[in-house]
Amino acid sequence: MIFDTVEKKASYGIGLQIGQQLRESGLKDLDLNALKQGLEDVISDKAPAISLDVLHDSLRQIHERAQQEKEQEALKVAQVGIDFLKQNLHKDGIKSTESGLQYSVLKQGEGAIPTETDRVRVHYTGRLIDGTVFDSSEERGQPAEFPVNGVIKGWVEALQLMPVGSKWQLYIPQELAYGSQGAGAAIAPYSTLIFDVELLAIV
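Note that the coordinates shown come from a computational prediction; the quantities given were computed from them, not determined experimentally.

Time to look at the overall build of the protein chain. Looking only at helices and strands, the protein chain has five helices and seven strands in total. Traced from its N-terminal end to its C-terminal end, the protein chain shows the element sequence α-α-α-β-β-β-β-α-β-α-β-β. With respect to the principal axes defined by its C-alpha atoms, the protein chain has extents near 70 × 40 × 30 Å. Taken over 203 residues, the protein chain has a buried fraction of 32%. Pairs at least 24 apart in sequence give 66% of the contacts found in the protein chain among residues at least 6 apart. Side chains of the protein chain give 20 positive and 29 negative charges; the mean places of these two sets differ by 3 Å.

Next up on the list: the pattern of salt bridges. Taken as a whole and assessed by the stated rule, the structure comprises nine salt bridges. One salt bridge connects Asp135 with Arg140, and the closest N-O pair in it is separated by 2.6 Å. For Asp135, a relative accessible area of 26% puts it in the partly exposed group. Here Glu138 and Lys167 are joined by a salt bridge, their closest N and O atoms 4.0 Å apart. In this pair, Glu138 is assigned in helix α4 (residues 137–140) and Lys167 in strand β6 (residues 167–172), connecting sequence segments 29 residues apart. Its relative accessible area of 35% is what places Glu138 among the partly exposed residues.

Grouped together as the largest cluster of nonpolar side chains are 26 residues, with contacts concentrated most on Val122, Trp155, Leu159, Leu170, Ile172, Phe195 and Val197. Every element with two or more residues in this core is listed here: β3 (119–128), β5 (144–147), α5 (153–159), β6 and β7 (193–202). Setting aside residues no more than four positions away along its own chain, Val197 makes contact with Val122, His123, Tyr124, Trp155, Leu159, Met162, Ser166, Lys167, Trp168 and Leu170. Formed by five residues, the second largest nonpolar core is a distinct cluster that contains Phe84, Leu85, Ile94 and Tyr171.

Before going further, it helps to spend a moment on empty space enclosed by the protein. One pass over the structure, following the stated rule, counts one cavity of 30 Å³ or more. Within this model, the largest cavity holds a volume of roughly 40 Å³. In this structure, the largest cavity is lined by Gly26, Lys28, Asp29, Ile62, Arg65, Ala66 and Glu69. For the lining of the largest cavity, the residue count by class is two nonpolar, one polar and four charged.

Taken as a whole and assessed by the stated rule, the structure comprises seven aromatic pairs. Seen in terms of ring centroids, Tyr103 and Trp168 are 4.4 Å apart; in terms of plane orientation they differ by 5 degrees. Their pairing is stacked. In this pair, Tyr103 is assigned in strand β2 (residues 102–107) and Trp168 in strand β6, connecting sequence segments 65 residues apart. Taking relative accessible area as the criterion, Trp168 reaches 3% and is therefore assigned buried. Both rings, one in Tyr124 and one in Trp155, keep their centres 5.6 Å apart while their planes meet at 85 degrees; by these two values the pair is edge-to-face. Of the two residues, Tyr124 sits in strand β3 while Trp155 sits in helix α5, which places them 31 residues apart along the sequence. Look at Tyr124 and you get buried, because its relative accessible area is 10%.

Okay, the confidence of the model for the protein chain next. Confidence in the prediction of the protein chain, expressed as mean pLDDT, is 93, and 100% of residues score 70 or more. Between the elements of the protein chain, mean pLDDT differs from a low of 90, seen in helix α1 (residues 6–25), to a high of 98, seen in β6.

Scoring rules and cut-offs
Residues numbered from 1 in each chain as written. Predicted model: local features only at pLDDT ≥ 70, side-chain atom pairs only at ≥ 80, totals over all residues. Heavy atoms only, no water. Helix = DSSP H or I, 4+ residues; strand = E, 2+ residues; numbered from the N terminus. Buried < 20%, exposed > 50% of the residue type's maximum accessible area, 1.4 Å probe, protein only. Contact = heavy atoms within 4.5 Å. Lys, Arg positive; Asp, Glu negative; His and termini not counted. Charge placed at Lys NZ, Arg CZ, Asp CG, Glu CD. Salt bridge = Lys/Arg side-chain N within 4 Å of Asp/Glu carboxyl O. Core = buried A, V, L, I, M, F, W, Y, C linked by side-chain atoms within 4.5 Å. 1 Å grid on protein atoms, 1.4 Å probe; cavity = no way out; pocket = protein on both sides within 12 Å on 5 of 7 lines; lining within 4 Å. Points joined across faces, edges and corners; volume = space filled by probe spheres on them. Nonpolar A, V, L, I, M, F, W, Y, C, P; charged D, E, K, R; others polar. Phe/Tyr/Trp six-rings, centres within 6.5 Å; stacked < 30°, edge-to-face > 60°. pLDDT = per-residue confidence, 0-100.

Okay, here's the thing in structure tokens:
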């Protein structure tokens, strides 16, 4: 198809949006011909080709299937994180707190240690355990500022152990990170996370 009119370009854009939403929903094995027919019937103001009872039952089944697959994938992600942290704990220089937070000291500062009610300025890089970077103030070239108690639990705990001037690598179990919710498309539910955190100042 040649997209030589505004209508064609806009229509294609709408198709992309629908496709993106379907992919993010986790629905798989959809029949594109049947999907196209459903769009055409609505736009042409035709009656549905299938009874509403059958439609609702089919939609329920496919959503349940997608949910089961998501749950199975989440369990795999959680187990990978557990295995990673078990192995990581045996590496030189790795320390662990009672909560399960692990860290290594890359540079130990000599400044004040923040409290939960303080506001801090930090540089950080966040990665998944496969090394994928999902966020980095260092790459942006702009430190981040936030209240100590305004971030994930693993950060709240670590920041209250770090003197200003320190740079630590944090290994954060999913229950101290984003847990079952995950965070956007980059961080799946139950993900264990790694952060390089440099505490620049209490502000």
